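# Per-entry structural report
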Amino acid sequence: EGLIPDDTQRALLEDLCSEELGQAHLLDAYCEGGSVDDDKLRSLCQQLVKLDGGYPGGLRSYVQKAKKLLQDSKAGVNPLDGWAPSVPQGESFELGTDKYRETESKGMELLEKVGFVLVAGGLGERLGYNGAKIGLPTESTTGTLYIEYYASYILAAEKKRNDGKFLPLCIMVSNDTKEPTLRLLRENKCFGLKRRQIYIVQQGDGVPALVDNEAHFAVDPDDPYRIITKPHGHGDIHSLLYKEGVTKEWQEKLDIEYMVLFQDTNGLAFHTLPLLLGVSKQHGFIMNSLCVPRKANQAIGGITTLTNSSTGQERTVNVEYNQLNPLLRSTEEFKDGDVNDESTGYSPFPGNINQLVFHLDSYNKVLERTKGVMPDFVNPKYKDNTKTVFKKPTRLECMMQEFPTVLSTEESTHVGFTQAAASICFSPVKNAVADGAVLQAKGTPPGTAATGEADQYAAPRIFLRSLGCDVKDADPVVYNGIEVVPGPAIVFGPDFACCQRELEAKFPCPEKVKISPRSTLVVRGSDVVIESLDLDGTLVVDAGAREAVTIKDLVVKNEGWVQVPTADDSEKEIVRMRGFIIDRKETETIKAHNNKPDGIPDDSSIDDSVPYEVNF
Ligand code: UGB
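The structure contained in this document is the topic of the report that follows. (Residues numbered from 1 in each chain as written. Predicted model: local features only at pLDDT ≥ 70, side-chain atom pairs only at ≥ 80, totals over all residues. Heavy atoms only, no water.)

### Looking at the sheet that holds strand E23 (residues 520-524)
Overall, parallel pairing links the four strands, which are arranged E21-E23-E26-E31 in an open sheet. Strand pairing shows two members of the sheet lacking a second neighbour, strand E21 (489-492) and strand E31 (588-591), which therefore form its edges. Each strand of the sheet is rotated relative to its neighbour by a mean of 5°, with strand direction disregarded. Two strands pair when backbone bridges link them, and E23 and strand E26 (residues 538-542) are joined in this way by five bridges, in the parallel orientation. Within E26, the position partnered with valine 523 by the bridge is valine 541. (Pairing = 2+ DSSP bridges. Helix = DSSP H or I, 4+ residues; strand = E, 2+ residues; numbered from the N terminus. Axes fitted to C-alpha atoms, helices over the stretch in contact; angles between N-to-C directions.)

### A short note on a nonpolar patch on the surface
A contiguous nonpolar patch, built from Val562, Val564 and Ile581 and spanning about 180 Å² of accessible area, is present on the exposed surface. With respect to the element layout, isoleucine 581 can be found in strand E30 (residues 580-584). (Patch = residues over 30% accessible without salt bridge, like charges linked within 9 Å, V, L, I, M, F, W, Y side chains within 5 Å. Areas by Shrake-Rupley, 256 points an atom, 1.4 Å probe, with all protein chains shown as cover. Salt bridge = Lys/Arg side-chain N within 4 Å of Asp/Glu carboxyl O.)

### Some points on the site of the ligand
If you check the shell around the ligand, you find 25 residues, and the closest are Val119, Gly121, Arg126, Glu320 and Lys430. At 2.7 Å from an oxygen atom of the ligand is found a main-chain nitrogen or oxygen belonging to glycine 121. Of all the elements, strand E14 (residues 351-359) adds the most residues to the shell around the ligand, at three residues. Split by residue class, the shell around the ligand holds nine nonpolar, 12 polar and four charged. (Near = heavy atom within 4 Å. Polar contact = N/O pair within 3.5 Å; in protein donor to acceptor, adjacent residues only side chain to side chain. Nonpolar A, V, L, I, M, F, W, Y, C, P; charged D, E, K, R; others polar.)

### Topic: the pattern of salt bridges
Note that side chains of opposite charge can pair when their charged atoms are close. For the coordinates displayed, the defined rule picks out 29 salt bridges. Between lysine 99 and glutamate 91 there is a salt bridge, with its nearest N and O atoms 3.0 Å apart. What makes glutamate 91 buried here is its relative accessible area of 17%. A salt bridge links lysine 591 to aspartate 542, with the shortest nitrogen-to-oxygen separation between them at 3.7 Å. Of this pair, lysine 591 sits in strand E31 while aspartate 542 is found in strand E26, placing the two residues 49 residues apart along the sequence. (Buried < 20%, exposed > 50% of the residue type's maximum accessible area, 1.4 Å probe, protein only.)

### Some details on empty space enclosed by the protein
Scanning all chains against the criterion turns up two cavities of 30 Å³ or more. Counted as a void, the largest cavity has a volume near 50 Å³. In terms of lining residues, the largest cavity is bounded by Met287, Ser289, Ile303, Thr316, Val317, Asn318, Gln401, Pro404, Val415, Gly416 and Phe417. Here the lining of the largest cavity is built from residues that sort into six nonpolar, five polar and no charged. Approximately 30 Å³ is the volume attributed to the second largest cavity. As for the second largest cavity, its lining consists of Phe262, Gln263, Asn266, Ala269, Ile353, Gln355 and Phe426. Of the residues belonging to the lining of the second largest cavity, the class tally is four nonpolar, three polar and no charged. (1 Å grid on protein atoms, 1.4 Å probe; cavity = no way out; pocket = protein on both sides within 12 Å on 5 of 7 lines; lining within 4 Å. Points joined across faces, edges and corners; volume = space filled by probe spheres on them.)

Put into structure tokens, the structure is as follows:
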């Protein structure tokens, strides 16, 4: 009592150190080591009380749930006992078809009614990058950062509104990503967005990291009186949007009708946003998930129809990648587990890429009822098949795509998915080079910086080819053990074209457009039209917002920009990750005189004293 005078703290510590909860190791430093420190012990207790209050049911419940979920995970237990899986029915789209064009057109009309929610609280452990991932470049030709790209898309979409209102962006940060995210925004004048357009919500202090299957809390190696914490998962976004009243305000004050949730490093995600909106409208969906064909065991969840064997209730919901195999194996129909269908080479279950569109009015009603709380889940990354040692401490998480689990039976019928080829909508940067190389050898997308960049250039090539332009791919090359097709490197700003329909208007004579495999083409500006072009080298068109540029009968032949492999350890981390630099040898530039993009506020409107809080 003298040592820890606070009764609550003492009781909590005693409870955690009981045999049942098994956290007595938290006192190792105090009891055994040479570092007895009363003050530090009291600060550990303070941290515990804070964590206790930050988790529904407190740390006792956290430990109990964690032990159970970890044992189940180790034993490969089907966490969805009582729910029978089947392959869901959904909308699938192929570029160049009438269905694609018509649905995209319907969705384009709704783009001006969308609120954007970026979940950016993740640590990026698999990537091994310590900064905020939204500050990574999408590609190194223009060096556009992920957050910069997202902001430019929002600005381009906003221009379609004629009521002068803005389209809001909410960013969820965690303790780990808050400072770097705010710094990025501050140093770059919010990338052209207005301050009051950006809503920042922050995940709590996190939950204790767990070192083993007994759910022992991870202790900081540099401070044995401190528990390592980790974010509780992207599922926190729903309760934060509810708590801060963000989506309610969007609906009431900004006339927002749809909301899109998206992840930190998928630079292709918005190509298919109009398509998703079109499908949502057509089917009256409350929630619509963007999907891609999934390779068996790929680290993306599988969208599954689950039917409850006792109630008959049906749900279309993501089954996370580490749960899909045990679920399928527990059935007769899918007893081989998470395997590819031999006829297609893909899993029959569409791959969830966590690009989720919600109908805002329905979403807000569900939030009122549920307060946005999602169920818990554990996803330890094991060192080997014994499943006893973790690569890194794990923790209980909740996932944003679990939203259908809180819906009523009736609401559940308004949930669906929209599938398109991964080449036009999904290439995240999630994995370190060595892990990516292993995945690639198995035929699974590696998800590294080099492939993220290569796919960023590849998507516009696919769109242009589907219009009828002559765009040939370069031969594959290997950077750092990762094979990629390096070019031609094509980058279109969202102000130039937000979707395929807009691109069609920008290339009215596609048969007169030819781009050689070694070329680089960058186009930014809302009023650029490319009628006829023969490009063999590098062309940069930077027209800004107010200048009309028509490219006609232009032949460009120059030395261009060349990707040069590098394994130089002294290079910056963003270069080492991708394994090449760009040698800008020769460039043809078409630059308008007045090329300040719309939306970039004058310096005078930047007020650094405004705090980055909700509604700032
Ligand atoms: N994130 C947060 O904002 N807070 C957190 O506490 C945790 C994460 P990961 P993972 O599309 O590739 C998801 O770690 O394990 C943010 C889906 O569950 O990249 O790869 C974080 O910053 C899976 O079904 O998630 O799995 C990032 O923006 C599939 O869709 C996002 O949440 C897979 O992504 C995702 O975090 C995929």
